[in-house]
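Chain by chain, the residues:
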Amino acid sequence: MTIPPQGQPGLYLHLPFCSAICPYCDFAVMRAGEALRARFVDRLVAELPLAAGAWADPRPFDTVYFGGGTPSLLMVEELARLLDACREHLALTTPAPWVFLEANPEDVTPEVCRAWRRLGVRTLSLGVQSFDDGVLRFLGRRHTAAKARAAVEKAKAAGFDTVSIDLIFGLPGQSAAAWRRELATAVALAPDHLSCYQLTIHPRTVFGVRAARGQLSELPEGAQAALFELTHRVLADAGWPAYEVSNFARSPEHRSRHNCKYWNHTPYLGLGPSAHSFAIVPHASAGTAGAPVVARRWWNEPRLRSWEQRMAAGERPLAGEEALGPRELGAETLLLGLRTTAGVDLDDFATRFGVDLLAANALLVANLAAEGRLEIRSGPDGRRLVPTLQGLAVADGVAAAFDLPIPT
Amino acid sequence: MDHIRNFCIIAHIDHGKSTLADRLIQRCGAVEAREFRDQILDSMDLERERGITIKANTITLSYTARDGRGYELNLIDTPGHVDFSHEVRRSLMSCDGALLVIDASQGVEAQTVANLYLAMEFNLAIVPVINKIDLPSADIERVMEEIDRDLALDPFEAIPVSAKLGTGIDELLEAIVAKLPPPAGDPEAPLRALLFDAQYDAYRGAVLLVRVLDGTLRPGTRIRLMHAGVEHKVEEVGIQRLRRVPAGQLSAGEVGYVLAGIKTLSGLAIGDTLTEAERPAAQPVPGYREAKPVVFSSIYPVDTNDYLDLTKALEKLKLNDAALVYDKDSSAALGFGFRCGFLGLLHLDVVQERLEREYGLSLILSAPSVRYQVVLDDGSEVWVDNPTFYPDPSTIKEVFEPYIKATIMTPERYLGAVMELCRERRGVDTKFNYLAAGRMEVTSELPLAEVLFDFYDRLKSLTQGYGSFDYEVLDYRPADIAKVDILVNGEKVDALSQLVHRDSARTRALKYCERLARTIPRQQFKIAIQGAIGGQIIARTTIHPFRKDVTAKCYGGDITRKRKLLEKQKEGKKKMKMVGAVEIPQAAFVAVLRTEDDEDSRT
């Protein structure tokens, strides 16, 4: 198999602090005071040379993503210090990589926006979650709908290249009409990018505990599907077509060029607790084009405490790693591709993995096409297997149904 | 030989045969107290669990009688269900006497009489035993009347006991010694030993259980199996206590085991006669009848890789269960398997469970079928028990199916429901009569095929568990039969085809479709499940596809976890059968093909 088409690598920094823990969140986060935060920044700076030593890809990083957690809780100086450390130990594109910052609406002021822009932040991603005060309270958020709207306005006025907002839908008892109203508010604010996540109740969260006690439940599947389709239709009609299961952009240049790396096997390096890294490594015995390659993925200690202990001991804070062969990469290419509106490039898949997806799954594809879930599109860039809207809604199940007889 | 008594215990089901055996074993001290567990002869888990004895077992007891003489009592436990009358027959052939157990509150029942007749056929001496005299509902006098009137035995010979409490066991042991005859036979005559049971020992090979009628068996003797025509050299003989105890010889009248290093099981037939190769007997032991299977089903391993294990397991089981017959079979949906013939439904059930428990196999059984006699237009005749081989309907002139005579016992208040059930199942000549206050006996001539599909469960539920059911095969009668196929997205699932009476074809097809719809998991596209006769669709259900099956977030680069979830899902799919592009879990076949029908009958 050949090296997949790749852009330049992306860098991710995980900042696990929040001012409070949301009851639905299963990310690696915790509440922290200033002292703990300062110590954490020190340690993150210290991880950079360790991680850089194990990173062989010579190409410069063209995206830097501050995720969390709530990166907007960090002082501007702390963010600056982290970026400086990145420049010191890793190759970043010049004049500057595209910096992403996740922020809470209550942290957004015109002043801080100006400071973030000066740091190089080009995409500001706002954790709005909802434009309904009742929903915000239910979600345990500390901002109000009015504050959220104001934050979007301020961010837009500050001149970021992309202002993105995150929304959550599919809450217990949520009606189509109520969700439609929120979408209308979002559309009226005209952000460049939207992420709309259907609520998943994870077991190790407050919601998970409440669900286990029978106090809370996810919407029934039919209602979930209806809201999912409603979201995609309303946003597409308003000018924000989806490019992934949960992501919508006003135009292709506003898509998250960092997150897309996760979906097309572009290398990425992650720092901080729970961060994942991925690299395509040319096989030691090969060097020419078309040579077999092996990819590696590794990940850090998931909890702040264990990550800090490893860092305090001066070790790389790795929790695990795996080598990926053609089988693993092929399975991921399919499952990730089916989550995007671009779908899977069939010719590229056949070249890279030696499997004709259609031939190996002729009856399945015919059934899925008849059910209106997949389409085969032929275009200038070859044949693609593309999910329909109904197909995106069941992308995980569709991926699992495929037979992938990839030779090793 | 005077000190030997070979006897068995026969009874109607649930009259306490196994408990009585336990008590005799305990009383004779054959088992240490710490080794004792209830129903000790029922060595198969299955037997203990269900409280029925399936496989006849043998044990030798030492008893010192009141006159001070020592006796060797060979107790042969026998199965109580009608399906196993074949096993009963073999056990009886190795006995000289029998204890006929009658429940003190239930009295004489259908099988009590049937077993007595069997015992008389083999000229056994009979000691009637009235068991469960400790029950408040026990009515010893009424039972004595029934022994006199229905069995024509001397009621005053009957020994009242409570096997549960141990009451009357001493009297019973004295009666065994006094009333049952010692074995006849000539230790010097040419060897004739009846092979009445066999087991398989992984280290020693076949363990033959024999009753020596004439002559003497010793280690080193070269024996010949008279029917099979094969010869083996005896390595060890002995008697079966709770475990095997080697002995110097087994001579006329004795019951024991023989090890002869027999590793290949084919050719070993229960009922065969062992004789000495050097000095053979003139005639084999007479009276053995081959058991005839009446119910047929194909057995497939859930995991097709287990086919060889299934082959070996059936071979060993056959050695131990002479009534089981089988032949190779295969199905597009389920792979290689065996077409098996059984004595009845319980037999089928027991074989399945034994294969699963004793051999650790996971199995799928196709819908049980009877054997049809099909007369073709050209006058030729074929016997069909497998839907796969059912002839083209346009070439069939006439079909005949087996009928049974069903005997159903039920409390009077359920009489109407039971009569209706018989009518529904195409019963003819349905009659009833009063057995005793409030108890009715219903007899009906039913197509055997109608009994195979949830009849017993329906009866149990209609009579709130009080009804009991027994049957004997009668004859073949004309039948209007159709072959019903099940299609999944237009593809025929061969393992689910069945032969049914045309009137019930639609109902049966619909039931199958519904069960499949309940057990095939939803997939990413619509699945049509249809029942068809030839090209005509007679039943249909649909499984609607998933509408939402995707996680919202896929960030932070942890694709590994997502892929592993998918790999796990795929791993589960390896155990599924593909019909077209539809994944059908083995559990769906199991659910569709099970005969009992709890869910459906509740509705």
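Before reading further, recall that the structure is shown in the block above.
Thresholds, definitions, all that
- All residue numbers refer to positions counted from 1 along the written sequence of the respective chain.
- Throughout, the order in which chains and ligands are written sets their labels, letters from A for the former and numbers from 1 for the latter.
- Residues qualify for local features only when their pLDDT is at least 70, as the model is predicted, and side-chain atom pairs are given and counted only at 80 or more; totals for whole chains, interfaces and linings, by contrast, use all residues.
- Water and hydrogen atoms play no part in the side-chain values, which are based on all heavy atoms of the structure.
- Starting at the N terminus, helices and strands are each numbered in turn, a helix being any DSSP run of H or I of at least four residues and a strand any DSSP run of E of at least two.
- Buried means the residue's accessible area, taken with a 1.4 Å probe over protein chains only, is under 20% of the maximum for its type, while exposed means over 50%, and partly exposed covers the values in between.
- Under the convention used here, a 1.4 Å probe and the Shrake-Rupley method define accessible areas, while residue burial counts only the protein chains that appear.
- To get an axis, fit a line to the C-alpha atoms, keeping to the stretch in contact for a helix; angles then go from 0 to 180 degrees between the N-to-C directions.
- Between 65 and 115 degrees an angle is taken as roughly perpendicular, under 35 as roughly parallel, over 145 as roughly antiparallel, and anywhere else as oblique.
- Throughout, a contact is declared for two residues whenever any of their heavy atoms are within 4.5 Å.
- Gly is put with the polar residues, along with every residue not named as nonpolar or charged; the nonpolar set is Ala, Val, Leu, Ile, Met, Phe, Trp, Tyr, Cys and Pro, and the charged set is Asp, Glu, Lys and Arg.
- A strand pair is defined by DSSP finding two or more bridges across the two strands.
- For Phe, Tyr and Trp, rings pair up if their centres lie within 6.5 Å, where Trp contributes its six-membered ring, and each pair is then called stacked (planes under 30 degrees apart), edge-to-face (over 60) or tilted (otherwise).
- The criterion for a charge sitting over a ring is simple: Lys NZ or Arg CZ within 6 Å of the ring centre, and within 35 degrees of the ring normal.

Undergrad: How should the overall build of chain A be read in this particular structure?
TA: Scanning chain A from N- to C-terminus turns up 16 helices and 17 strands. Counting the 408 residues in chain A, one finds 56% classified as buried. Split by element, the accessible area of chain A, about 16,100 Å² in all, is 54% carbon and sulfur.

Undergrad: Is there a simple way to think about the overall build of chain B in this case?
TA: The secondary structure content of chain B amounts to 15 helices and 33 strands. Within chain B, buried positions represent 57% of all 603 residues. For chain B, the accessible area works out to roughly 25,200 Å², and carbon and sulfur atoms hold 49% of it.

Undergrad: I keep staring at the packing of helix α1 (residues 34-53) of chain A against helix α2 (residues 76-89) of chain A and nothing clicks. Help me out?
TA: Two quantities define a packed helix pair, namely the angle between the axes and the distance from one axis to the other. All names here are of chain A. The interhelical angle for the contact between α1 and α2, taken along N-to-C directions, is 10°, at an axis separation of 9 Å. Compared by their axis directions, α1 and α2 come out roughly parallel. Packed against α1, whose contacting residues are Arg37, Ala38, Val41, Asp42, Leu44, Val45, Leu48, Pro49 and Ala52, the element α2 presents Glu78, Arg81, Leu82, Ala85, Cys86 and His89 at the interface. Taken together, the residues of the contact of α1 with α2 sort by class into 10 nonpolar, one polar and four charged.

Undergrad: Sorry if this is basic, but what is going on with the sheet that holds strand β11 (residues 231-233) of chain B here?
TA: Backbone hydrogen bonds hold the strands of a sheet together, and the pairing may be parallel or antiparallel. Residues and elements named next belong to chain B. Reading across the sheet, the eight strands line up as β11-β10-β16-β7-β8-β15-β12-β13 and stay open at both edges, with antiparallel pairing between neighbours. Both outer strands of the open sheet, β11 and β13 (244-247), are each paired with one neighbouring strand and no more. Strand-to-strand twist in this sheet, taken as the mean axis angle between neighbours without regard to direction, amounts to 40°. Judged from the nine bridges that link them, strand β7 (residues 192-201) and strand β8 (residues 205-214) form a sheet pairing that is antiparallel. Bridge pairing in β8 links alanine 193 to valine 212. With respect to the sheet, helix α7 (residues 307-320) is in contact with β7 and β8, its orientation differing from that of β7 by roughly 145°.

Undergrad: How should the packing of aromatic side chains be read in this particular structure?
TA: For any pair of aromatic rings, the description rests on two quantities: the centre-to-centre distance and the angle between the ring planes. Within this structure, the stated rule accounts for 17 aromatic pairs over all chains. Taken together, a centroid distance of 5.1 Å and an interplanar angle of 90° make the contact between A:Phe17 and A:Phe40 edge-to-face. Here A:Phe17 is found in strand β2 (residues 17-18), whereas its partner A:Phe40 is found in helix α1, with 23 residues between them in sequence. Taken individually, A:Phe17 and A:Phe40 each receive the classification buried, so the pair is uniform in this respect. The structure contains a cluster of three or more aromatic residues connected by ring pairs, namely A:Tyr12, A:Tyr65, A:Trp98 and A:Phe100. Lying over the aromatic face of B:Tyr403, B:Arg477 brings its terminal NZ or CZ to 4.4 Å of the ring centre.

Undergrad: What is the right way to look at the pairing of strand β30 (residues 527-533) of chain B in this model?
TA: In the case of a regular strand, side chains alternate between the two sheet surfaces. Residue and element names in this part refer to chain B. Counting buried residues along β30, seven of its seven residues qualify, which places the element largely inside the surrounding structure. The alternating pattern of β30 places Ile527, Ile529, Gly531 and Ile533 and Ala528, Gln530 and Ala532 on opposite faces, both of which are buried. Sheet topology places strand β27 (residues 481-488) next to β30; five bridges connect them, and they run antiparallel. Considered in β30, the bridge of aspartate 485 is made with alanine 532. The pairing of β30 with strand β31 (residues 536-543) spans seven bridges and is antiparallel. Looking across to β31, one finds that glutamine 530 is bridged to arginine 540. Two successive antiparallel strands, β30 and β31, enclose a turn made up of two residues, where glycine 534 displays a positive phi of approximately 60°.

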